[in-house]
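# Structural characterization, general
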Amino acid sequence: MTGGGALRGGTALRTAVLTVAAPVVAVLLAGALASIALYVSGINPGYAFRQMAIYGSDPDSIVDILNRSTYYYIAAVAVAVGFRMNLFNIGVEGQYRLAAVCAAFVGSTFSAPAPIQILVIIVVAAAVGGVYALIPAVMKVTRGVNEVIATIMLNYI
């Protein structure tokens, strides 16, 4: 009995180590390849990495990074929801861009107290993105069109 438990414990430890080691190795390999590319370009890799660290630790740049990355986080959540339903929504970029344009238009056309205006803008963005995602969904259900191809093509519209 104890031998099986030790085997499972060793397997769990091995899995945990591999789970942590894979991203660490990927980051180290990316750093090494970036260093080589910088060196070949005539730039000191140490200087470049120091500048990135300085930029990433400045409070103003942290706010800027978070503001710019919020769109990608929202898009990633949208893709993850689709993946959980076994749907491959490659068209999230077009959906959130169209939703953002429509929400910006609606937000600029009327004036209301801030909480109400923000709520309306969010609801409009969600509705427009959902309706735009409905196009490939209907095509898949009614015509059997591959959702990957449909959503990629809708990015260009």
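Residues numbered from 1 in each chain as written. Predicted model: local features only at pLDDT ≥ 70, side-chain atom pairs only at ≥ 80, totals over all residues. Heavy atoms only, no water.

Scanning the protein chain from terminus to terminus reveals 6 helices and 0 strands. Going from N to C terminus, the protein chain has its helices and strands arranged as α-α-α-α-α-α. Relative to a compact globule of 157 residues, whose C-alpha radius of gyration would be 15 Å, the protein chain shows 23 Å and is clearly more extended. The C-alpha extent of the protein chain, read off along each of the three principal axes, is 60 × 50 × 35 Å. A burial count over the protein chain gives 15% of its 157 residues as buried. A fraction of 44% describes how many contacts in the protein chain between residues 6 or more apart in sequence connect residues 24 or more apart. In the form shown here, the protein chain has an accessible surface area of approximately 11,700 Å², with 74% of it arising from carbon and sulfur atoms. Across the protein chain, the 8 positively charged side chains and the 5 negatively charged ones have centroids separated by 17 Å. (Helix = DSSP H or I, 4+ residues; strand = E, 2+ residues; numbered from the N terminus. Rg over C-alpha atoms; globule rule 2.2 N^0.38 Å. Buried < 20%, exposed > 50% of the residue type's maximum accessible area, 1.4 Å probe, protein only. Contact = heavy atoms within 4.5 Å. Areas by Shrake-Rupley, 256 points an atom, 1.4 Å probe, with all protein chains shown as cover. Lys, Arg positive; Asp, Glu negative; His and termini not counted. Charge placed at Lys NZ, Arg CZ, Asp CG, Glu CD.)

This paragraph deals with helix α5 (residues 114–143). Here α5 is 30 residues long and its end C-alpha atoms lie 43 Å apart, about the 44 Å a rise of 1.5 Å per residue gives. Largest kink in α5: about 25°, centred on Ile135, with the proline Pro136 one to four residues after it. Those residues of α5 that are buried are in contact with α4 (92–109) and α6 (147–155). Count one or two residues on from α5 and you reach Gly144, which has phi positive near 75°. (Expected span 1.5 Å × (residues − 1). Bend = angle between axes of the 7 residues up to and from the residue.)

A few words now on the packing of α4 against α5. For the pair α4 and α5, the least separation of the axes is 8 Å and the interaxial angle reads 145°. Taken as a pair, α4 and α5 cross one another with a handedness that is right-handed. Side by side, α4 and α5 meet where Gly94, Gln95, Leu98, Ala99, Cys102, Ala103, Val106 and Gly107 of the first sit next to Gln117, Val120, Ile121, Val124, Ala125, Val128, Gly129, Tyr132 and Ala133 of the second. (Axes fitted to C-alpha atoms, helices over the stretch in contact; angles between N-to-C directions. Left-handed = near helix turned anticlockwise from the far one by under 90°.)

Under the counting rule described, the total for this entry stands at 3 salt bridges. We note a salt bridge from Lys140 to Glu147, for which the minimum N-O separation is 2.8 Å. Judged by its relative accessible area of 11%, Glu147 is buried. (Salt bridge = Lys/Arg side-chain N within 4 Å of Asp/Glu carboxyl O.)

Attention now moves to the confidence of the model for the protein chain. Looking at the protein chain as a whole, its pLDDT mean stands at 87, while 94% of the residues score no less than 70. Averaged pLDDT values for the elements of the protein chain fall to 83 in helix α1 (residues 2–40) and rise to 92 in α5. (pLDDT = per-residue confidence, 0-100.)

Our focus in this paragraph is the side chain of Ser69. Its place among the elements puts Ser69 in helix α3 (residues 59–84). A distance of 3.3 Å separates a polar side-chain atom of Ser69 from the backbone oxygen of Leu66. (Polar contact = N/O pair within 3.5 Å; in protein donor to acceptor, adjacent residues only side chain to side chain.)

A contiguous nonpolar patch, built from Leu29, Leu33, Ile36, Tyr39 and Val40 and spanning about 600 Å² of accessible area, is present on the exposed surface. You can call Val40 exposed: its relative accessible area is 68%. (Patch = residues over 30% accessible without salt bridge, like charges linked within 9 Å, V, L, I, M, F, W, Y side chains within 5 Å.)

Before going further, it helps to examine the environment of Ala22. Along the chain, the position of Ala22 falls in helix α1. You can call Ala22 partly exposed: its relative accessible area is 48%.

Our next topic: α3. For α3, with 26 residues, the first-to-last C-alpha span of 36 Å sits near the 38 Å given by 1.5 Å per residue. At Ser69, α3 shows its largest kink, close to 35°. Every buried residue of α3 is accounted for by Ser61, Ser69, Ala75 and Gly82. In this structure, the buried side of α3 is in contact with α2 (45–57) and α4. At the C-terminal side of α3, Asn86 shows a positive phi close to 60°.

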